[in-house]
Amino acid sequence: MRTITLINGDGIGPEISEAVVKIIDASGLKIDWDIQTAGADVIENEGTPLPQRVLDSIKKNKIALKAPVTTPIGKGFRSVNVQLRKELDLYANLRPCKNLPNIKTRFENVDLVVVRENTEDLYAGIERQVDVDTAESIKIITRKASERIAKFAFDYAVKNGRQEVTCVTKANIMKLSDGLFLDSFRNVAQNYPQIKTREILVDNLCMQLVQNPTQFDVLVLPNLYGDIVSDLCAGLIGGLGVAQGANIGLDCAVFEPVHGSAPDIKGQNKANPTALLLSAIEMLRYIGENNYADKIENALFKTLKSGICTADLGGMASTKDFANAVIANI
């Protein structure tokens, strides 16, 4: 039996975590869940939203499934997600974006993957107050991190039968920083002659994504652009409620939904567990449990095809109703 860290989050986190664990249990796969709490709810007792015990658990088990954790805007502690990525060197953020059954969107046949560099760029939050009226953020791009994420994108493309990797930058303006990211991409691309490559500016990419997203396959981006574009891509397939994600390093991987903790509906049995469930399915494939991943995915798709969904997707099902429907289809 494999031990996996489960960070059940705050807000709606515990509800959707419970639903997903029940679904995985129903598939027949036996997992020993090492349950860890993090976020705003643990600060009062432990003085930090990310206690060392959580990091120790992930380092020991190598794999974690994480529900959303609240991040205050403009004040308070820095994002738990950012801290996890830094502490565990989870350098690659993986965001598959694919249309799901019976979820109406503006486009059909969307099937692209966003690969986002996770450790540097403006998103790393290196800031200082210059004076009372001026704040400064520092954008750092290194060749090491850029080549590492480019290699991850190409390796993912090869492993998953993808045909093309597109590098996204603003290198026409930020010629040194984004220029270095683009140059690193070109260097790595030489080792993958079987994969087509494309280069595009981030503003042009956003325009083309909302006109014809099916033209894209794998996108690789610096941290901040990747954060923005990945949410745009989530909108193409139905929103954050169905958007899965993973943060992957050399030694550890954390699988989590993209959406937030939605404290406004906490405890109301309304939350959609689909994004966390899709993240768990990706996790199962990552650890080689492909048969169980397929079984759960087929049950999820059958549930959606039958019209059963939560309120955010126009349905009437509660969190527990939806989970029970997926279990019934297993």
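Quick summary incoming for the structure in this document. (Residues numbered from 1 in each chain as written. Predicted model: local features only at pLDDT ≥ 70, side-chain atom pairs only at ≥ 80, totals over all residues. Heavy atoms only, no water.)

**Considerations on the overall build of the protein chain**
Condition: Counting from the N terminus, the helices are the DSSP runs of H or I reaching at least four residues and the strands are the DSSP runs of E reaching at least two. We compute the radius of gyration from the C-alpha atoms alone; for a globule the expected value is 2.2 Å times N to the 0.38, where N is the number of residues. Only protein chains enter the accessibility calculation, which uses a 1.4 Å probe; a residue whose area is less than 20% of its type maximum is buried, one above 50% is exposed, and one in between is partly exposed. A contact between two residues is defined here by any heavy atoms of the two lying within 4.5 Å. Computed by Shrake-Rupley with a 1.4 Å probe, the accessible areas treat only the displayed protein chains as cover when residues are assessed.
A count of helices and strands for the protein chain gives 11 helices and 12 strands. For the protein chain, whose C-alpha radius of gyration is 20 Å, the value lies close to the compact-globule estimate of 20 Å for 330 residues. Taking the principal axes of its C-alpha atoms as reference, the protein chain extends roughly 55 × 45 × 40 Å. Within the span of the protein chain, comprising 330 residues, buried residues form 53% of the whole. Restricting the contact set of the protein chain to residue pairs at least 6 apart, pairs at least 24 apart contribute 73%. Within the structure as shown, the protein chain displays about 15000 Å² of accessible surface, and the carbon and sulfur contribution to it stands at 50%.

**Some words on a nonpolar patch on the surface**
The test is simple: Nonpolar side chains (Val, Leu, Ile, Met, Phe, Trp, Tyr) within 5 Å and like charges within 9 Å form the patches, drawn only from residues with over 30% relative accessible area and no salt bridge. In the sections that follow, a salt bridge refers to a side-chain nitrogen of Lys or Arg positioned within 4 Å of a carboxyl oxygen of Asp or Glu.
A cluster of nonpolar side chains, Ile126, Ile138 and Ile140, forms an exposed patch at the surface whose accessible area comes to about 210 Å². Overall, the relative accessible area of 36% leaves Ile138 in the partly exposed class.

**Looking at the packing of aromatic side chains**
Put simply, the test is: A pair of Phe, Tyr and Trp rings is counted when the ring centres sit within 6.5 Å of each other, with Trp represented by its six-membered ring. The angle between the planes then sorts it: under 30 degrees is stacked, over 60 is edge-to-face, the rest tilted.
Per the counting criterion, the structure on display carries 4 aromatic pairs. Residues Tyr91 and Phe152 carry aromatic rings whose centres are separated by 6.1 Å and whose planes lie at 85° to one another, so their mutual orientation is edge-to-face. Here the residue Tyr91 occupies a position in the loop between helix H4 (80-88) and strand E4 (92-98), and Phe152 occupies one in helix H5 (residues 143-159), the gap between them amounting to 61 residues. The exposure classification of Tyr91 matches that of Phe152, with both residues buried. One aromatic cluster is present, built from ring pairs that chain together Phe154, Phe185 and Tyr192.

**As for the nonpolar core**
Let me state the cut-off plainly: The set of buried Ala, Val, Leu, Ile, Met, Phe, Trp, Tyr and Cys residues whose side-chain atoms join them within 4.5 Å is what this entry labels a nonpolar core.
Of all hydrophobic cores here, the largest spans 83 residues; its most connected members are Trp33, Leu65, Val115, Val165, Leu205 and Val220. Apart from the residues within four sequence positions on either side, Val220 is in contact with Val115, Ile149, Ala150, Ala153, Val165, Thr166, Cys167, Val168, Phe181 and Phe185. Of all hydrophobic cores here, the second largest spans 14 residues; its members include Ala38, Ile58, Val80 and Cys252.

**Some points on the pairing of strand E1 (residues 2-7)**
Keep this limit in mind: Here, strands pair whenever DSSP counts at least two bridges between them. If the strands point away from the viewer and the path from the first strand over the helix to the second runs clockwise, then the crossover is right-handed.
In this structure, E1 lies alongside strand E2 (residues 31-36), joined through 6 bridges in parallel fashion. Paired with Thr5 across the bridge in E2 is Asp34. In this fold, E1 hands off to helix H1 (residues 13-26), which returns the chain to E2; that crossover is right-handed. Both E1 and strand E3 (residues 63-66) contribute to a ladder of 3 bridges, which runs parallel.

**Considering the sheet that holds strand E5 (residues 111-117)**
Quick note on the threshold: Throughout, an axis means a line fitted to C-alpha atoms (over the contacting stretch in the case of helices), and angles, computed between N-to-C directions, take values from 0 to 180 degrees.
With respect to topology, 10 strands assemble into an open sheet ordered E2-E1-E3-E12-E11-E4-E5-E10-E8-E9, the strand pairing being mixed. Unpaired on one side and paired on the other, E2 and strand E9 (196-201) mark the two borders of the sheet. Averaged over all adjacent pairs, the angle separating strand axes in this sheet is 25°, with direction ignored. Taken strand by strand, H5 contacts E4, E5, strand E8 (164-169), E9, strand E10 (218-221) and strand E11 (244-248), and its axis lies near 160° from that of E5. Most of the contacts of helix H9 (residues 274-286) go to strand E12 (residues 253-257), to which it runs at about 155°, and overall it touches E1, E2, E3, E4, E11 and E12.

**Here we look at the side chain of Glu164**
Selection criterion: Any pair of nitrogen or oxygen atoms within 3.5 Å is treated as a polar contact; in protein, a donor-acceptor pairing is required on top of that, and neighbouring residues in sequence qualify only through side-chain atoms on both sides.
Take Glu164: it is sitting in strand E8. On the basis of relative accessibility, which here comes to 15%, the residue Glu164 falls in the buried class. Within polar-contact distance, the side chain of Glu164 engages the side chain of Arg198 at 3.0 Å. Ignoring sequence-local partners within four residues, the contact set of Glu164 consists of Ile195, Lys196, Thr197, Arg198, Gln215, Asp217 and Val218.

**What to know about the state of the cysteines**
As a reminder of what qualifies: Working definition: a disulfide is two cysteine sulfur atoms within 2.5 Å of each other.
Scanning the entire structure with this criterion turns up 0 disulfides. Cys233 supplies the cysteine sulfur nearest to Cys97, a cysteine that is in no disulfide, at a spacing of 4.8 Å. For Cys97, a relative accessible area of 2% corresponds to the buried category. In this structure Cys167 is not part of a disulfide, and its nearest cysteine sulfur, from Cys206, lies 14 Å away.

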